[in-house]
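# An overview of the molecular structure
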Amino acid sequence: MLFHQTELYAEVPATCLPIVYSPEYNITFMGLEKLHPFDAGKWGKVIRFLKEEQFITDEIIVLAREASEADLLVVHTARYLNRLKWSLVVATITEIPPVLFLPNFLVQRKVLKPLRTQTGGTIMAGKLAMDRGWAINVGGGFHHCSSDKGGGFCAYADITLAIKFLFERVEGVARATIIDLDAHQGNGHERDFLEDRRVYIMDVYNRHIYPGDGYAKRAIKRKVELEWGTEDMEYLQKVELHSEGALNEIRPDIIIYNAGTDILDGDPLGGLAISPQGIIKRDEIIFRAARRRGIPILMVTSGGYQKKTARIIADSILNLHRQGLIGEEAVEDTSLCRPALLSRL
C-alpha cells in the first residue's frame, strides 16, 4: 500500500527523550486567547518548569512538526478542513467570539497553526511510544474533534489521527485502548471509532457537563460517569479499578492516555474536586498499569483551565520519572532532537 509522504514519522535520535513539544504550541495574539478560560500558554510553562528542575533541556526533547493537510486528510474530510477557512467556524470551535472578526490568514497563523503543530506532536509521539515504550506530547488531547466536526476548543482529531497512523504504518499495531480521564466526555474519538472493534475506549467524566453526547457514548466500552464534586478517594479507586479491568479485558498494542487536568478542584468547567496530589497519583496509576503489562503508552495533556495546571503537569511528569515509570535515555550527544528526514514515508 502506498502512503502519502509525511515528515511526522521521521527518525528521532536515540539521545532524545520521547517528550514532544514546540514553542509553536502556545497561542498568543493581542490578548484574544485570554477570552477563553483555557490557559493558551500552559504548554510552554510545563516545559519551563521541567527545565528548572533540570529534567530536560531543549537539546533532548523532540521538536514537534506541524501536521500537513495530507496528514490531516488521513482522518478529516476535505469538507471539514475547508470549513476551517471561515473565521466564524473557528470562532465557534475555539469558543472565542472575537476570532469571528479576524481575517482568516491571521486565524490560520495564530490559532490553527499551533493546534496543527500539537496535532503533529501527538502523531509523532504515537510512533515514539512504540519505539521507546512511552511518550508524552506536552500538548494535544483534542478529544471533542471528530473527522468532520470540531468543538470545545478542539479543531483537529489528534487522538484519532495518532491511532490511524499507527494502524496504517507501524507493524504489529492492531489494537489500541484509549483511557480518557479528562473531566469531559471524549466524544470526538468516540464518534470516529464507533464502528471500529480495534479500539477500546474507557472514559471517566463528569456526567453533567459538556458535551453530553449520547450518540458518541455508544462507543465507550467502559463508561464511568461521575457526580459533581467527586473527590480523590472515590476518583482514584474508580480509575484504578476500571483501568485494570479495561487492560485485563483486552490487551492493546498501545494505550493512548488523555490526561486532562480539568478534574482539579476549582476548575471552572470540570466540576470535580481532585487535588494536585490526586492528579499526580492518577497519572502514576495509569503508567504503572501500562509498565506492568509492557504496553507502550502515549500521554497527551488535554483540558485544564486554571493557571496552576501547568505546574501540576510538570510535577506529575517528574513523579513518573522518580517512580521509574518513564525511562531516561542516554543524553551525551547534544545534537538537537529535530527528526531527521531519513524515513519520509
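Every value quoted in this text rests on a predicted model; they were computed, and no experiment measured them.

Procedures and definitions
- Residues numbered from 1 in each chain as written.
- Predicted model: local features only at pLDDT ≥ 70, side-chain atom pairs only at ≥ 80, totals over all residues.
- Heavy atoms only, no water.
- Salt bridge = Lys/Arg side-chain N within 4 Å of Asp/Glu carboxyl O.
- Helix = DSSP H or I, 4+ residues; strand = E, 2+ residues; numbered from the N terminus.
- Buried < 20%, exposed > 50% of the residue type's maximum accessible area, 1.4 Å probe, protein only.
- Contact = heavy atoms within 4.5 Å.
- pLDDT = per-residue confidence, 0-100.

## Some words on the pattern of salt bridges
Inspection of the entire model under this criterion finds 19 salt bridges. For the salt bridge of Lys-281 with Glu-284, the shortest nitrogen-to-oxygen distance reads 3.5 Å. On the criterion of helical spacing, the pair formed by Lys-281 and Glu-284 is a turn pair, its members being three residues apart in helix H10 (residues 276-293). Taking the relative accessible area as the measure of exposure, Lys-281 reaches 38% and is therefore partly exposed. Looking at Glu-284, the relative accessible area reads 9%, which means it is buried.

## A few points about the environment of Pro-252
Mapped onto the elements, Pro-252 comes out in the loop between helix H9 (232-249) and strand S7 (254-258). Along the sequence, Pro-252 and Leu-318 sit 66 residues apart, while their C-alpha atoms lie 26 Å from each other. Look past the residues within four positions of Pro-252 in its chain and what remains in contact with it is Arg-175, Ala-176, Thr-177, Leu-247 and Ile-295.

## Regarding unusual backbone geometry
The residue after Tyr-210, namely Pro-211, is reached through a cis peptide bond having omega 5 degrees. Mapped onto the elements, Pro-211 comes out in the loop between strand S5 (199-206) and helix H8 (214-217). For Gln-54, which is not glycine, the phi dihedral falls at a positive 60 degrees. Mapped onto the elements, Gln-54 comes out in the loop between helix H1 (42-52) and strand S2 (62-63). Despite not being glycine, Glu-95 shows a phi value in the positive range, around 60 degrees. By the secondary structure assignment, Glu-95 is in the loop between helix H4 (87-94) and helix H5 (104-132).

## Points about the confidence of the model for the protein chain
A low pLDDT score tells you not to read the predicted coordinates there in detail. Here the protein chain shows a mean pLDDT of 93. Residues at 70 or above account for 92%. Predicted confidence for residues 329-336 stays below pLDDT 50, and this span has 16 contacts to residues more than four positions away or in other chains. Confidence drops under pLDDT 50 across residues 341-345; counting only partners more than four residues distant or on other chains, this segment forms 16 contacts.

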